[in-house]
Amino acid sequence: MKHFVFGYGSLICPQSRAITAPTLQDAIAEPVVIDKIERTWSARVTKKQARSNAGEDSRGPSSASNGRDHIRGWTPMGVRFRHGAKCNGVLIHVDEKELMRFDVREGGYVRQMIELADIHGHVDSDKLIDESMPLWPTSSMEVVDDDVSSFREKLALEDVKCSECRRVFQKASEMRRQSSSTSSECDSSQGSDDIAVWVYVQSENFPAERSFPITQSYLDIIMRGCLSISHDFARRFLETTHGWWHDGLLDEKDHETGTEQILEDEQKTDIGKNERRSIENHHTWVNDRHAPMYVRADSEYSLENGEEIDELIKEHHPHAFQR
């Protein structure tokens, strides 16, 4: 069995990957798009957990010395399965020993299998626009134009360097064609006997909040990874990530968040006013570049490249920096 891990947060970054998974330092990570997975700011790390994870590195969330007495931890990335959603990230080939190490490292997350038919290679927008192609791949649940789909898949395979990942893309393409055929009874949810693609899903969902904020130092690491692939990939990360604000991320079965009033206000008034209210009362973002809370932060990179990252964020979340 060939095993693959879908990295959707800090694992996108090669430098972070080398720290969290040293055996994967030289592994090729192929950019991908996954159907029916939605990325959200919805996991949770307490200060105690951060110190434990840091080991000898003492750079845990030391909030008291930086006017952050109210901060009890921080909110890293999570995902959830949702029809109609799309999520970009990287596909990493791992052996069984490395997979077991991931299981240990990803405490608070549960490993779940991704349907092969939902996996697509990433193609930058400029190539797709030049060919008058849709920016996002067609889902296995949608009506497929065989010519368009085949050409997009051909573009996606052009830059693939990992031979094992290439097999995944080819198998996924084959399964989509089978499932879209009117003469086939193939179930698009079926897997492969020799390929397993895994994603780590948080055990519980918690939206970011004032005492468990989104930290800029962590976001910078993810953006560093995205930018190492392309600016287009980074923009798609920002487009497809949810939960930047305390804005009703969780459904009724999840923890009470107190966001119902925000949603009610959004129905009653214009978006701008609702965003201002969210900024004033529900801001969940901390700029910690000068005193990082994330244990694997790279302050030098953040300070040197922060302006470029901030400009990209402003394109998609223009109110993020209005403290």
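A brief report on the enclosed structure follows. Here the structure is a predicted model, which is why all the values come from computation and not from measurement.

**Notes on unusual backbone geometry**
Phi is positive for lysine 36, close to 65°, though the residue is something other than glycine. By relative accessible area, which is 9% here, lysine 36 ends up buried.

**Remarks on helix 3 (residues 96-105)**
Within helix 3, burial applies to Glu98, Leu99 and Phe102. All buried residues of helix 3 lie within an arc of 105° about the axis, which places them on one face of the element. In helix 3, the exposed positions angled more than 90 degrees off the buried face are occupied by Glu96, Lys97 and Val104. In this structure, the buried residues of helix 3 make contact with strand 1 (2-7), strand 5 (77-94), strand 6 (109-113) and strand 8 (195-202). Where helix 3 begins, one side-chain oxygen reaches toward the backbone nitrogen of lysine 97, 3.2 Å away; that side chain belongs to aspartate 95.

**Some thoughts on the side chain of arginine 39**
Tracing the backbone through its elements, the reader meets arginine 39 in strand 2 (residues 29-41). If near-sequence neighbours (up to four positions away) are discounted, arginine 39 is found in contact with Tyr8, Ile12, Met77, Gly78, Val79, Cys87, Asn88, Arg236, Phe237, Thr240, Thr241 and His242.

**Quick look at the environment of isoleucine 37**
Counting through the fold element by element, isoleucine 37 comes out in strand 2. Given the relative accessible area of 1%, isoleucine 37 is considered buried. Separated by 46 residues in sequence, isoleucine 37 and histidine 83 have C-alpha atoms that sit 7.6 Å apart. Contact partners of isoleucine 37, with chain neighbours within four places excluded, come to Val79, Arg80, Phe81, Arg82, Ala85, Lys86, Cys87, Ile114 and Val199.

**As for the packing of aromatic side chains**
Under the criterion given, the structure shown has 8 aromatic pairs. Residues phenylalanine 102 and tyrosine 200 carry aromatic rings whose centres are separated by 6.0 Å and whose planes lie at 25° to one another, so their mutual orientation is stacked. Note that phenylalanine 102 is positioned in helix 3 and tyrosine 200 in strand 8, a separation of 98 residues in sequence. An identical accessibility class is assigned to phenylalanine 102 and tyrosine 200; each is buried. Summarising the aromatic geometry, the rings of tyrosine 218 and tyrosine 294 are spaced 5.0 Å apart at their centres and angled 75° between planes, so their arrangement reads as edge-to-face.

**Looking at the pairing of strand 1**
For strand 1, the buried fraction is high: 5 of the 6 residues fall into the buried class. Both strand 1 and strand 8 contribute to a ladder of 4 bridges, which runs parallel. What sits directly across from lysine 2, in strand 8, is isoleucine 195. Taken together, the 5 bridges between strand 1 and strand 5 define a ladder with antiparallel strand orientation. Residue pairing in the sheet places histidine 3 in a bridge with valine 94 of strand 5.

**Notes on the environment of arginine 17**
Position of arginine 17 relative to the elements: it lies in helix 1 (residues 14-20). When its relative accessible area of 5% is taken as the criterion, arginine 17 is described as buried. Through-space distance from the C-alpha of arginine 17 to that of alanine 27 is 9.5 Å; in sequence the pair is 10 residues apart. Sequence-distant contacts of arginine 17, that is, excluding residues within four places in its chain, are made with Leu11, Ile12, Pro22, Leu24, Ala27, Ala29, Val90 and Ile92.

**Focus on the state of the cysteines**
Applying the stated criterion across every chain yields a total of 0 disulfides. Free of any disulfide, cysteine 87 has its nearest neighbouring cysteine sulfur in cysteine 226, separated by 9.8 Å. Take cysteine 162: it sits in no disulfide, and the sulfur closest to it among the cysteines is that of cysteine 165, at 3.1 Å. Overall, cysteine 162 belongs to the buried group, its relative accessible area being 10%.

**Observations concerning the pattern of salt bridges**
A full pass over the atoms with the stated rule returns 21 salt bridges. With a shortest N-O distance of 2.7 Å, aspartate 35 and lysine 86 are connected by a salt bridge. Separated by 51 residues along the polypeptide, aspartate 35 in strand 2 and lysine 86 in strand 5 bring together distant segments of the chain. On the basis of relative accessible area, aspartate 35 is assigned to the buried category, the value being 2%. Via salt bridges that share partners, Lys2, Glu164, Arg167 and Asp194 belong to a single interconnected network.

What counts and what doesn't
- Residues numbered from 1 in each chain as written.
- Predicted model: local features only at pLDDT ≥ 70, side-chain atom pairs only at ≥ 80, totals over all residues.
- Heavy atoms only, no water.
- Buried < 20%, exposed > 50% of the residue type's maximum accessible area, 1.4 Å probe, protein only.
- Helix = DSSP H or I, 4+ residues; strand = E, 2+ residues; numbered from the N terminus.
- Arc of directions from axis to C-beta.
- Contact = heavy atoms within 4.5 Å.
- Polar contact = N/O pair within 3.5 Å; in protein donor to acceptor, adjacent residues only side chain to side chain.
- Phe/Tyr/Trp six-rings, centres within 6.5 Å; stacked < 30°, edge-to-face > 60°.
- Pairing = 2+ DSSP bridges.
- Disulfide = S-S within 2.5 Å.
- Salt bridge = Lys/Arg side-chain N within 4 Å of Asp/Glu carboxyl O.

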